[in-house]
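Here are the chains, one letter per residue:
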Amino acid sequence: MILKNRGHVLKKSIFNVGSLLLLFLSISFQCNHLLSSNVECQLKVDSLKCEYQVNPLGIDITNPRLSWTMQSDARSQTQSAYQVIVSTSLDSLTASKADQWNSRKVQSGNSIQVTYSGPELAPETRYYWRVRIWDQNDTPSAWSEPAWFETAILHQHNWQAKWLNDGKTNPAVEEDFFKFDPAPLFRKDFTLTKPVSQARLYITGLGYYEASLNGKRIGDHLLDPGWTDFSKRIYYSTYDLTDRLTTGGNCLGVTLGNGWFNPLPLRMWGHLNIREHLTVGRPQFIAQLKITYKDGSEQLITSDTGWKVTEGPIIRNSIYLGEIYDARKELAAWNMPGFDDSAWHNAALADSPAPILQAQPLLPIRSTAVIKPVSVTEIKDGVYIVDMGCNFAGLASFKFNLKKSAMVKMRYGELLYNDGTLNPMTSVCGQIKGKRNDSLQANPGLAWQEDIYFAKGSSPEIYTPRFTFHAFRYIEITGLPQKPELDSITGYRLNTDVTPVGSFSCSNDLFNSIQQICQTSFLSNIFSVQSDCPHRERFGYGGDLVNTNEAFIYNYDMANFYAKAVQDWDDCKLADGMLTDTAPFVGIQYCGVGWAMAHLHTQLVLYRYYGDLTILQQQYDTAVRWFDLVINSNPDFIVNQGLSDHETLTENPAPTLVTPLYFQCANMLAQISAILGKNDNRDKYLTLADNIMTAYNGKFFDTATGKCGSGTQSSQSFALYSDILPQDSQKAAFQYLLDRIKKCDNHLSTGIFGTNYMLDILSRQGSGELAYTIVNQRTFPGWGHMLESGATSLWEHWQFSDNTYSHNHPMFGSVSKWFYSSLGGIKPDPQAVGFDKIIINPLVLKQLQWVKSTYNSVRGPITSNWHKSDNEITFDITIPANTTATVYLPSDKLQAIKEGGKPVTAVSDIKLSTCNNGVSAWNIGSGSYHFTIPCK
């Protein structure tokens, strides 16, 4: 009995203690929950973009992609979920209400390429959006600041406007194309009687157009629209004219230039007439102005035959030769309301050459820098040489004081002859260097760049060309009554207005100068197409793109630009599916795999750097169709034709170099197939790669010596970079490469592929000091030799040329990638999707004291700076929120490595990955880190 009672008491006591414990745990949990719910999220959402643009005006994508970045002072911050709301009302959005789309809480770490998934977007409508996220602790952030995007016309049937031209026909005889053909002026008067709420102009022209409203230019786009295959798609632009319309009379004006739609029938290299390969016709335009009044009613002003047209003062314009402007033919106030146009005739209807009118997806060409001349020299009576101080692409504007009918000529060139006269020969269109014909209305015979101005006799007169551009450092001016003042000439650098995203500098001033001329050359060669040179050809060659697209990306936001480039290759494919050497296609088709692979290579680069999966999906069939043609043409797995290492200094037969490029393509297409879940094709292309490897090694690789093909620097670098050699033979092949470099006195002999590949291979295989020595050479051949010879931009050829080769070519600019990815050490992980996984692996070299490198990735800024002192090496690294990185430090003595003054092994948010051969690798999350290691 007593025992039972004791047991009952014991059980009751245990029950009471358990109840108290449960109560305590419950209270504790609730307190912790309350505390955690009050914990502020460490992440701030910013940099909202739609289709890679900030607040884009005029997109015609029905399901646009949204992105954002996150800022935080704390480490290892990640996004666990997000919520996007979209509204047609800013007031509703500010109140966190969504009348269009509410994604609700989405459990995802994705912060880029988030596709709008709400109801169908309406055309010509502004949508406001904002986002908030939840961090790794499921704590919500504050809402971001509002952003917006505005749809354009969206659907082809919404175009009510008609294409118009001047009613003329192009000449039947080639010689007549060189006669004066004035750029047409179009005008349209209209009247507004009610207050305006909103006005949008949707407009484009072929080849170029310039629009005005009430006498003032509309927008700041130059050489619009971007160059495309005009038989497939034509870009249009959207302008907000709400605040520029006036009650009463208004006037729209349009001037048209020839551009790429009506080029002259020049015979480039004596045979190529690009008119035979481009879609061509008379200049034409289409415009649609939608006006919404405050009472809710709408009005459309469209291009139709009610517009009037006449000839303007630009009496000839050519993308290559330049412009002839007769100011005596100017019509004052022609684009102002009320102008008497009774003598003009009605515009004519024109047929659209393309089925698709598409809102221009990339930023326009603009004037992005003003360049003032450094000197004006009179080299002989009445001949003046203007030195702009640097080689660039764009325009020069002139202020004249002239008598009526005075004729002034401006010739442009990159060089001067020894006697100080202008040398225009390196920028002559298509090597057209026959006997010069100075008649203004005939084939010039010698196709240099030149503008001509006829004065109207009112002082001062300002002339700026409008439908051409030049690439030059020097201007020769003749026809002036006296020496021009420096301030009467202004240069305007033009380029597609890409946003700078990278910066690099180091303790070697030569490298800083090389970086500068790379950037100059890059910007000189992006006029909606990445060109080989900005004067002589201006074509979008694939080989140049393959070897420099990453260098461009480290320096500029190229997401939309390169997506457009891939689309160009798709649009320009031949009828059987074969990809071309250039896009847009101009009739050049001999370069082969190394140039066509730009289509594949650029897609993967867009995926690794920007996370663009859409482009892989859209372009897959085109890529497969092309590659199947390549496969069928090379049944023995060896490619025998095609251009190899362009501008190399040694003989490099195509089979030994193009076959590794074929091998690369097979692996790239296997990667894309795997990403898209097309595993059968993945296996097919991997098997093909194995067969190519076997064929290459059996035919070209000497296992005893390590010699690949001809054994040149290029041949060795192609094989090693492509990883086409057996693993156990790569050491011998690499040693053979080192021997070849030594025989060249530590100079390169490579072309555009080999240079890119060799610097990468040397840096990855422990020979960074040798790569440094090669880049640091000031004697021929190399970048230092260019600079020592006075270059302000990159040359086309390692050897100085005063007659043939361009002095403004980006293709050797792959060295800029080496600065960022090797010296700075910033690169995407091989498995990265939009730089979500980062590698920081800087080359700390004996001859460098410090490096500063920053890349503002699609997920936020990445910084990798290092500096050597007498006692230690410091590394300052910043990783953006919602990403991870592996940092490689040149020490395997773990106890000696410190971060933030503490032993790195004691820092909880830094984890050791690997440690061997004098290098330790550390896994880190987002945030800023300060590593130090003792000097050896």
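What counts and how
The numbers attached to residues start from 1 for each chain and follow its sequence in the written order. This being a predicted model, a pLDDT of at least 70 is required before a residue's local features are given, and a value of 80 or more before pairs of side-chain atoms are given or counted; all residues contribute to the totals for chains, interfaces and linings. To get the side-chain values, take all heavy atoms of the structure and skip hydrogens and water. A pair of strands is treated as paired once DSSP finds two or more bridges between them. Numbering of helices and strands runs from the N terminus, with a helix taken as a DSSP run of H or I at least four residues long and a strand as a DSSP run of E at least two residues long. Relative accessible area decides the class of each residue, using a 1.4 Å probe on protein chains only: under 20% of the type maximum gives buried, over 50% gives exposed, and in between gives partly exposed. Pairs of N or O atoms are called polar contacts if they sit within 3.5 Å, as long as, within protein, a hydrogen donor faces a hydrogen acceptor (for residues adjacent in sequence, only side-chain-to-side-chain pairs). The angle between two axes is taken between their N-to-C directions and runs from 0 to 180 degrees, where each axis is a line fitted to C-alpha atoms and a helix contributes only its stretch in contact. If an angle is under 35 degrees, it is roughly parallel; if it is over 145, roughly antiparallel; if it lies from 65 to 115, roughly perpendicular; otherwise it is oblique. Handedness of a crossing is defined here by the sense of rotation of the near helix relative to the far one, left-handed for an anticlockwise turn of less than a right angle and right-handed for a clockwise turn. Here, two residues are considered to be in contact whenever any of their heavy atoms come within 4.5 Å of each other. Under the scheme applied, nonpolar residues are Ala, Val, Leu, Ile, Met, Phe, Trp, Tyr, Cys and Pro; charged residues are Asp, Glu, Lys and Arg; polar residues are all the others, including Gly. By convention in these notes, a salt bridge is any Lys or Arg side-chain nitrogen within 4 Å of a carboxyl oxygen on Asp or Glu. Pairing of aromatic rings covers Phe, Tyr and Trp, the last through its six-membered ring, and needs centres within 6.5 Å; plane angles under 30 degrees mean stacked, over 60 mean edge-to-face, and all others mean tilted. Charge-over-ring contacts are defined here by two conditions on Lys NZ or Arg CZ: a distance within 6 Å of the ring centre and an angle within 35 degrees of the ring normal. Count a disulfide wherever a pair of cysteine sulfur atoms falls within 2.5 Å. The span you would expect from a helix comes to 1.5 Å times its residue count less one. Bend at a given residue is defined as the angle between two axes, one fitted to the seven residues that end at that position and one fitted to the seven that begin there.

What to know about the sheet that holds strand β4 (residues 79-87)
And step 1. Read across the sheet, 5 strands follow the order β2-β8-β7-β4-β5 without closing on themselves; strand pairing throughout is mixed. With one partner strand each, in any of the chains shown, β2 (57-59) and β5 (101-102) form the two edges of the open sheet.
And step 2. Bridge analysis of β4 against strand β7 (residues 126-135) gives 8 bridges, and the strand direction is antiparallel. Paired with Gln 79 across the strands is Asp 135, a residue of β7.

Some thoughts on the environment of Gly 219
And step 1. By the secondary structure assignment, Gly 219 is in the loop between β13 (216-217) and β14 (233-240).
And step 2. In this structure Gly 219 comes out as partly exposed when scored by relative accessible area, which is 37%.
And step 3. Between the C-alpha atoms of Gly 219 and Arg 366, which are 147 residues apart in sequence, the distance is 9.9 Å.

Structural notes on the side chain of Thr 863
And step 1. Take Thr 863: it is sitting in strand β40 (residues 860-868).
And step 2. In this structure the side chain of Thr 863 is engaged in a polar contact, spanning 3.4 Å, whose partner is the side chain of Thr 854.

Structural notes on unusual backbone geometry
And step 1. With omega at 0 degrees, the peptide bond leading from Asp 224 into Pro 225 counts as cis.
And step 2. Mapped onto the fold, Pro 225 is located in the loop between β13 and β14.
And step 3. Note that the residue after Ser 459, namely Pro 460, is joined by a cis bond; omega there is -15 degrees.
And step 4. Of note, the phi angle at Trp 269 is positive, near 55 degrees, even though the residue is not glycine.
And step 5. The residue Trp 269 is located in the loop between β15 (248-257) and β16 (284-293) in this model.
And step 6. Here Trp 269 falls in the partly exposed class, since its relative accessible area comes to 33%.
And step 7. The phi angle at Asp 723 is positive, at roughly 60 degrees, despite the residue not being glycine.
And step 8. Tracing the backbone shows Asp 723 in the loop between α11 (713-722) and α12 (730-743).
And step 9. Classification of Asp 723 by relative accessible area gives partly exposed; the value is 36%.

Focus: the packing of helix α4 (residues 542-555) against helix α13 (residues 752-764)
And step 1. Relative orientation of the contacting elements α4 and α13 amounts to 15 degrees, with a least axis distance of 9 Å. When the interaxial angle is binned, α4 and α13 end up roughly parallel. Note that α4 runs across α13; the crossing there is left-handed. Only Ile 752, Phe 753, Asn 756 and Tyr 757 of α13 make contact with α4, whose side of the interface consists of Gly 543, Asp 544, Val 546 and Asn 547.
And step 2. Its residues placed into classes, the contact of α4 with α13 shows 4 nonpolar, 3 polar and 1 charged.

Some points on the sheet that holds β13
Across a sheet, strands are paired by hydrogen bonds formed along the backbone, either parallel or antiparallel in direction.
And step 1. One open sheet accounts for 6 strands, arranged β13-β12-β15-β10-β18-β21; its pairing is antiparallel. At either margin of the open sheet sits one strand with a lone partner, and together these are β13 and β21 (345-346).
And step 2. By the bridge criterion, 8 bridges tie strand β10 (residues 184-192) to β15 in an arrangement that is antiparallel. Bridging from a neighbouring strand, Asp 189 pairs with Cys 251 of β15.

So, the pattern of salt bridges
And step 1. Per the stated rule, a full pass over the model turns up 40 salt bridges.
And step 2. Residue Asp 341 pairs with Arg 187 through a salt bridge whose shortest N-O separation is 2.8 Å. Taken together, the positions of Asp 341 in the loop between β20 (322-326) and β21 and Arg 187 in strand β10 put the pair 154 residues apart, joining distant regions of the chain.
And step 3. A residue is classified by how much of its surface remains accessible, and Asp 341, at 16% relative accessible area, is buried.
And step 4. Taking relative accessible area as the criterion, Arg 187 reaches 1% and is therefore assigned buried.
And step 5. Here Arg 536 and Glu 796 are joined by a salt bridge, their closest N and O atoms 3.0 Å apart. Taken together, the residues Arg 536 in the loop between α3 (509-524) and α4 and Glu 796 in the loop between α15 (783-788) and α16 (814-823) connect sequence positions 260 residues apart.
And step 6. Linked by salt bridges that have partners in common, Arg 126, Glu 150, Arg 200 and Asp 240 make up one network.

Some details on the environment of Ala 623
And step 1. Here Ala 623 shows up in helix α8 (residues 614-633).
And step 2. With a relative accessible area of 2%, Ala 623 lands in the buried category.
And step 3. In the structure, Ala 623 is positioned 307 residues away from His 930 in sequence and 45 Å away in space, judged by C-alpha atoms.
And step 4. Discounting residues that sit within four places of it in the chain, Ala 623 has contacts with His 599, Leu 600, Gln 603 and Leu 669.

Observations regarding the pairing of strand β12 (residues 208-213)
And step 1. Counting buried residues along β12, 6 of its 6 residues qualify, which places the element largely inside the surrounding structure.
And step 2. What you see with β12 is no split at all: Tyr 208, Glu 210 and Ser 212 on one side and Tyr 209, Ala 211 and Leu 213 on the other are buried throughout.
And step 3. Taken together, the 6 bridges between β12 and β15 define a ladder with antiparallel strand orientation. Considered in β15, the bridge of Leu 213 is made with Leu 252.
And step 4. Relative to β13, β12 runs antiparallel, the two being bridged by 2 bridges. If you follow Leu 213 over to β13, its bridge partner there is Lys 216.
And step 5. Adjacent in sequence and paired antiparallel, β12 and β13 are bridged by 2 residues, among which Asn 214 carries a positive phi angle near 50 degrees.

With respect to the packing of aromatic side chains
And step 1. Taken as a whole and judged by the stated rule, the model has 50 aromatic pairs.
And step 2. Ring centres 5.9 Å apart and planes at 50 degrees place the aromatic pair Trp 818 and Phe 819 in the tilted group.
And step 3. Here Trp 818 falls in the buried class, since its relative accessible area comes to 3%.
And step 4. Here a set of aromatic residues connected by ring pairs shows up, and it is made of Phe 504, Phe 511, Tyr 554, Tyr 609, Tyr 772, Trp 818, Phe 819, Tyr 820, Phe 835 and Tyr 855.
And step 5. We note Arg 411 situated over the ring of Trp 448; from NZ or CZ to the ring centre the distance is 4.2 Å.
And step 6. For Arg 538, the ring lying beneath its charged end belongs to Phe 469, and the centroid distance is 3.7 Å.

Quick notes on the pairing of strand β45 (residues 910-916)
And step 1. As paired strands, β45 and strand β46 (residues 919-924) are joined by 6 bridges and run antiparallel to one another. Looking at β46, one finds that Cys 915 is bridged to Ser 920.
And step 2. A loop of 2 residues connects β45 with β46, the two strands running antiparallel in sequence, and Asn 917 in this loop sits at a positive phi of about 50 degrees.

With respect to the state of the cysteines
And step 1. For the structure on display, the rule yields 0 disulfides.
And step 2. Cys 533 provides the cysteine sulfur closest to Cys 429, a residue in no disulfide bond, and the two sulfurs are 9.4 Å apart.

Concerning the side chain of Thr 496
And step 1. Among the structural elements, Thr 496 can be located in strand β33 (residues 489-496).
And step 2. The exposure class assigned to Thr 496 is buried, which follows from its relative accessible area of 2%.
And step 3. A distance of 2.8 Å separates a polar atom in the side chain of Thr 496 from the backbone nitrogen of Ser 528.
And step 4. Apart from the residues within four sequence positions on either side, Thr 496 is in contact with Leu 362, Leu 363, Pro 364, Ile 365, Ile 526, Phe 527, Ser 528 and Phe 561.

What to know about the environment of Val 887
And step 1. Checked against the element boundaries, Val 887 lands in strand β42 (residues 884-889).
And step 2. Taking the C-alpha atoms as reference points, Val 887 and Ser 47, separated by 840 residues in sequence, lie 26 Å from one another.
And step 3. Leaving out residues up to four positions away in the same chain, Val 887 has contacts with Ile 840, Ile 877, Ser 920, Ala 921, Trp 922, Ile 924 and Phe 931.

Some remarks on α16
And step 1. Counting buried residues along α16, 10 of its 10 residues qualify, which places the element largely inside the surrounding structure.
And step 2. Within α16, burial applies to Ser 814, Val 815, Ser 816, Lys 817, Trp 818, Phe 819, Tyr 820, Ser 821, Ser 822 and Leu 823.
And step 3. In the stretch just after α16, Gly 825 is the one whose phi turns positive, near 80 degrees.

Structural notes on α4
An α-helical turn contains 3.6 residues, so any two residues separated by three or four positions project in the same direction.
And step 1. In a regular helix each residue adds 1.5 Å, so 14 residues correspond to 20 Å; α4 covers 20 Å between its end C-alpha atoms and thus fits that length.
And step 2. At Thr 548, α4 shows its maximal bend, which comes to roughly 55 degrees.
And step 3. α4 sits mainly inside the fold: 14 of its 14 residues count as buried.

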